[in-house]
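Residues per chain, in single letters:
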Amino acid sequence: MYKWCVVFLASWGAALWGVAAPPGMAERMFAALPAQATGTFVQRKILADVEVTITSSGTFSIVKDKSFEWKTLKPLPSTFTATPDSYTMTANGKTSTHALSELKLSAGLRSLVRGDLSALGDVFDVTEAEGRLTLVPKTRELREFVKRATLEGTDFPTRFALDYVTGDRLEIDLVQSR
Amino acid sequence: METDLYALLDSTRRNVLRALADNVGGQLRILLEGADLASLDAPAAEFKEYMASHVRAETGSITNTLAALAPRSGGLLTEETRALLLAGEYGAVATNAATALTSGLLAPLVSVKDDPFLLATDYLTHFQARDNHGWSLRDGDPVREQDGRCYRLLVFDGLKTSDSAFICDVLKRVRAFNAVAQERDPPVRAHVSGAPFHAALATERSKREINILSAVSLVIVVVLGVWLFRSIRFVVPLIVTLASAFVVATATVFVAWGRPHVLTFVFGTTLIGLCVDYVYHACAAEDVRMIRRPLACALVTTLACFAPLAFSSVTVLRQMALFTGAGLVTTWAGVMVWFGRAGARPSRWDNGRSARCTPTPLSSGGRSKLRPSRLSFFIFLSSLFILICAGAFRIRPSSDPAQFYRPDPFLAEGERKFYELNQSAAARFAVVEGATVQEALECEEAAGVKGLSAIIPSLKRQRENQALVAELRAKTGAAYTALTGVPVRDGADARGLLDPEEITDPLLKKLIRPMCVKSGDRVLLASPLPPAGGPRSCAAAGSGVSVVEPKRELMSLFDAYAQEAYRLLGISFALLAALLAALFRRRFLAYALPVAAAVLATLGVLGWCGVQLTFFHALCFFVCTGLGLDYVIFHLEATASATLPRTRRVVFVSFLTSASAFGLLALTSFPVTRAMGATLALGLFFAYFCSRCRANRIR
């Protein structure tokens, strides 16, 4: 069940981080990636059953093949940091670090999280249209939680969206710092 | 008839181990191995389609499971959250929930309408994050990657022992799949694992071997009998007597026990050798009254040999004693009745054979003096005998259950592969007992055992949790809503509690089935323990927690049985010595020594061959002693009469018949029957040889 919550990190994080890439949009993005990228994000989580949208904002930082940091500043501060081997979550004064191997991921997702985009096709049906990459889960387990993920952008991903089967939706707008 | 090994245990341990074994006893596993997971999809679908004809398919889904759980999740809290709430840290819990909501990493698994603080979501996520030892799911099947290879495990439950023909078909299908799957690109291999495969293959093999052995034994009996009697007239009395003995013996144990163990009948096949002996002597005698005394002595001594087993504390040994005793008495009675009907009658086989050898009447010394050449031969034989017996010091007892079963190499490879990937497969279990599931759950919680209660807390704990959550809502609800926008309802939680006995969702039932078993009117909760560390014994007196190690229990069982068998063998020998002394007075050593020598020599050969002595070897010595005494009695009784050559021939053929029939068992594929066959053949050889030597000495 943690799998899906890493999908959105894996799919676009790996696109910024990875080594291999499928052809098309993701390939173009990868080719345009700098060795280091920082920026800001605005995230909206829409909870369908209570019709509430929770907005948060913060910064992100990527060093290719080394680290990925997602720092939420508002409304509540928290930091998520990932390296090729481990991930750390800091919130409310507590920090917990886990090895990537502890994550309950299938082999395909594990490869994705490690940046191997060639595994994208194992886990998702990938379609590209009008500058938008759409990922639909292939495995039954992922389909139980995630309906679809989409990625938009040209040289750099600018929007990521995740639709859950419960009707909830996650939208992330990214702005790269120049 | 009882076939379960665990039925041999005493009732308390039996129920626990049987319950643990039953949970996985009908589980059949096919492990697919390939270079990547996608290559395993098609083979998995093929096998599932094939198995669907015999095995119920699990149709659950995680969505359905969550839907079943959600309305009953009101009392589910992680340990960490419960500890915070018990410590009054309501603010911390609320902040954690708000952070989880706003950070975007966690999506609610239970609607925030019912679970605004994501407590149930946290609980389910935490539960899912338990160490699954590298396994995850793909389309409902456990998958994992190890050492560059991908594996997918197909698990099929609900198979019965009566499905052995289908299971053998599955095995053939898997082997056929492997034969062609190596040609696939990438290559795929299937391994098999699970008790049903072993049981089915053993059943099919045993049927085949029994058929072959029965046919060969029958031919041997007929050929030897015809050679002995120059006639087939012995066949009818032999069959009638044997059949009567088995029917009476079987009926007796069933009347006495209702459900005797199959081991009784496995051992009971040794009755054949004893029956053949009596019938042959009766057939060969001119008048059955001539052999009444030696036959009676043989019966009494053999019964005395088995008598101590009847007083054993081990049920299966008592069953063996009753079976053999009833069978022997029936054989003796059958022989007396059948051959005593016509009174004295000419023996068809005599034909002057008895005239070839004039028996030497027993004198006070009764022994011929040894000539020098015979002396040196005697010394040589004695030295050889001592050397053989010295092997007895090399005997090593063993109660390892692995001694009793050697799996087929393909099955063994599959089991090894499965356990290599599934290191968590437990050899030890913490078992908690209770009158009800709830009582057992509370006991588990009190003892701190992380079993079923770590997944589904007791109702008592869930009610406590509900009260804590109500306090959380009351104290932090308004602030939480202001921060996140998620409404927190006033009033009691509408959700119910989760009771394991009311679960209907198939995935949840599959999850808790191995952990919760009914044993009579008690409930047992079993949770796997790590191989090292963890409790070795009860957490506290009266805690209701015990540690069970199935393999160790079985080893202890067979060890106890072996010790009991050795003890009873000693009593049997002592009883026989006393009986022989009463029957034969000063000559009792002439009867006892050959049998003792035979037993020692058999032990010696087993020792030199490096055989590890088990309970089943020990049982064989009862038969060897009984038959050995028969040989000695008939040989020695005949030395005083003109029937010596005839008796010698009958004893020889009887020995050949029994030894070859038991010797054939040594060719079977089952370690138990192989061990018994080899021991019996050896024991009978030495018994015959020693009794013959003794008889020659007296002449």
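Chains are numbered independently. Their residues run from 1 in the order of the written sequence. Key to labels: chains lettered from A, ligands numbered from 1, both in the order written. Reporting of local features is limited, given that this is a predicted model, to residues whose pLDDT is at least 70; pairs of side-chain atoms are given and counted only at 80 or more, and all residues count toward the totals for whole chains, interfaces and linings. Neither water nor hydrogens contribute to the side-chain values; these are computed over all heavy atoms in the structure.

Attention now goes to the overall build of chain A. Each helix corresponds to a stretch of at least 4 residues labelled H or I by DSSP, and each strand to a stretch of at least 2 residues labelled E; elements are numbered beginning at the N terminus. In terms of helices and strands, chain A carries five helices and 11 strands. We call a residue buried when its accessible area falls under 20% of the maximum for its residue type, exposed when it is over 50%, and partly exposed in between, using a 1.4 Å probe and counting protein chains only. Across the 178 residues in chain A, those meeting the buried criterion constitute 52%. Every residue pair with non-hydrogen atoms within 4.5 Å of one another is taken to be in contact. Expressed as a percentage of contacts within chain A between residues at least 6 apart in sequence, the contacts between residues at least 24 apart total 40%. In this description, accessible areas are obtained by the Shrake-Rupley approach with a 1.4 Å probe, and a residue is regarded as covered only by the protein chains that are shown. When the accessible surface of chain A is totalled, it reaches about 7,600 Å², and 52% of it is carbon and sulfur.

Residues and elements named next belong to chain B. Two strands qualify as a pair provided that DSSP identifies no fewer than 2 bridges between them. Pairing in this open sheet of four strands is antiparallel, and the strands run β8-β9-β7-β10 from one edge to the other. Strands with a single pairing partner mark the edges of an open sheet, and in this sheet they are β8 (516-519) and β10 (545-548). Sheet twist, expressed as the average angle between the axes of neighbouring strands with direction ignored, equals 30°. Note: β8 against strand β9 (residues 522-529), four bridges, orientation antiparallel. Axis angles are defined between N-to-C directions and span 0 to 180 degrees, where every axis is a line fitted to C-alpha atoms and, for a helix, only to the segment in contact.

Residue and element names in this part refer to chain B. Spatial ordering of the open sheet is given by β2-β3-β4-β1-β5, a layout of five strands whose pairing is antiparallel. Two strands close off the open sheet at either side, each with one partner strand: β2 (136-138) and β5 (188-193). Ignoring which end each strand starts from, the neighbouring axes of this sheet average 30° apart. In terms of strand pairing, strand β3 (residues 141-146) meets strand β4 (residues 149-156) through four bridges, oriented antiparallel. Directly across from V143, in β4, lies its bridge partner R152.

A residue's pLDDT is the confidence the predictor assigns to it, expressed on a 0 to 100 scale. Put simply, chain A has an average pLDDT of 76, and 70% of its residues get 70 or more. When the criterion is pLDDT under 50, residues 1-22 of chain A qualifies, and its contacts beyond four places in sequence or with other chains add up to 90 contacts.

All names here are of chain A. For strand β8 (residues 132-137) and strand β9 (residues 146-153), the ladder comprises four bridges, and the chain directions are antiparallel. Bridge assignment links R132 to a residue of β9, and that residue is E152. As paired strands, β9 and strand β10 (residues 157-164) are joined by seven bridges and run antiparallel to one another. Along β10, the bridge assignment pairs A149 with L162. Taking the residues between adjacent antiparallel strands as the criterion, β9 and β10 are bridged by three residues.

This part covers the packing of aromatic side chains. The aromatic pairing rule takes the rings of Phe, Tyr and Trp, using the six-membered ring of Trp, and pairs them if the centres are within 6.5 Å, calling planes under 30 degrees apart stacked, those over 60 edge-to-face and the rest tilted. Considering all chains together, one arrives at 28 aromatic pairs over all chains under this definition. Relative to A:W70, the ring of A:F41 lies with its centre 3.8 Å away and its plane at 15°, an arrangement referred to as stacked. Taken as a pair, A:F41 in strand β1 (residues 36-47) and A:W70 in strand β3 (residues 67-74) lie far apart in primary sequence, 29 residues in all. Its relative accessible area of 3% is what places A:W70 among the buried residues. Considering the side-chain rings of B:F117 and B:Y480, the 4.5 Å spacing of their centres and the 35° angle between planes classify their relative orientation as tilted. Of this pair, B:F117 sits in the loop between α5 (90-103) and α6 (119-128) while B:Y480 sits in helix α17 (residues 459-484), and the two are 363 residues apart along the sequence.

Quick look at the side chain of B:Q27 now. Mapped onto the elements of the fold, B:Q27 is located in the loop between α1 (11-25) and β1 (28-34). Not counting residues up to four positions away in its chain, the partners in contact with B:Q27 are B:V155, B:F156, B:D157, B:S193, B:G194, B:A195 and B:P196.

Moving on, we get to the nonpolar core. What is meant by a nonpolar core is a set of buried Ala, Val, Leu, Ile, Met, Phe, Trp, Tyr and Cys residues, joined one to another through side-chain atoms within 4.5 Å. Counting residues in hydrophobic clusters, the biggest one holds 103 residues, and the most contacted among them are B:Y280 and B:F615. Of the residues forming this core, the biggest block, 16 residues, is contributed by helix α21 (residues 615-639) of chain B. Excluding residues that lie within four positions of it along the chain, B:F615 makes contacts with B:L317, B:F558, B:Y561, B:A562 and B:A565. Formed by 57 residues, the second largest nonpolar core is a distinct cluster that contains A:F68, A:W70, B:A120 and B:V545.

Time to look at a nonpolar patch on the surface. All names here are of chain B. On the surface, a nonpolar cluster with roughly 540 Å² of combined accessible area is contributed by F377, F380, L384, L387 and W608. With four residues, the top contributor of residues to the nonpolar patch is helix α14 (residues 372-390). As for its position among the elements, L387 is in helix α14. Each patch is assembled from residues with relative accessible area greater than 30% and no salt bridge, linking like charges that lie within 9 Å and nonpolar side chains (Val, Leu, Ile, Met, Phe, Trp, Tyr) that lie within 5 Å. Between Lys or Arg on one side and Asp or Glu on the other, a salt bridge is scored when a side-chain nitrogen of the former is within 4 Å of a carboxyl oxygen of the latter.

Here the focus is the environment of B:F670. Within the element layout of this structure, B:F670 appears in the loop between α22 (644-665) and α23 (671-698). Non-local contacts of B:F670, meaning those with residues more than four positions away in its chain, are made with B:A202, B:R205, B:S206 and B:E209.

Cis geometry is adopted by the peptide bond preceding A:P75, which originates at A:K74 and carries an omega value of -5°. For A:P75, the location among the structural elements is in the loop between β3 and β4 (78-82). In this structure, B:D147 takes a positive phi of about 55° despite not being glycine. In this structure B:D147 comes out as exposed when scored by relative accessible area, which is 71%.

Let's shift gears to the environment of B:G496. Residue and element names in this part refer to chain B. Considering the arrangement of structural elements, one finds G496 in the loop between α17 and α18 (506-512). What makes G496 partly exposed here is its relative accessible area of 29%. Placed 30 residues apart in sequence, G496 and Q466 show a C-alpha to C-alpha distance of 9.5 Å. Each residue touching G496, except ones within four places of it in the same chain, is listed here: P71, R72, S73, G74 and G75.

All names here are of chain B. Relative to the 26 Å expected for 18 residues at 1.5 Å per residue, helix α7 (residues 164-181) spans 25 Å between its end C-alpha atoms, a close match to the ideal helical length. Buried residues of α7: S164, F166, I167, C168, V170, L171, V174, F177, N178 and A181, and no others. If you follow the buried residues of α7, they end up packed against β1, α2 (41-51), β5, α8 (195-229) and α15 (409-421). Here, expected helix span is obtained from the residue count minus one, scaled by 1.5 Å.

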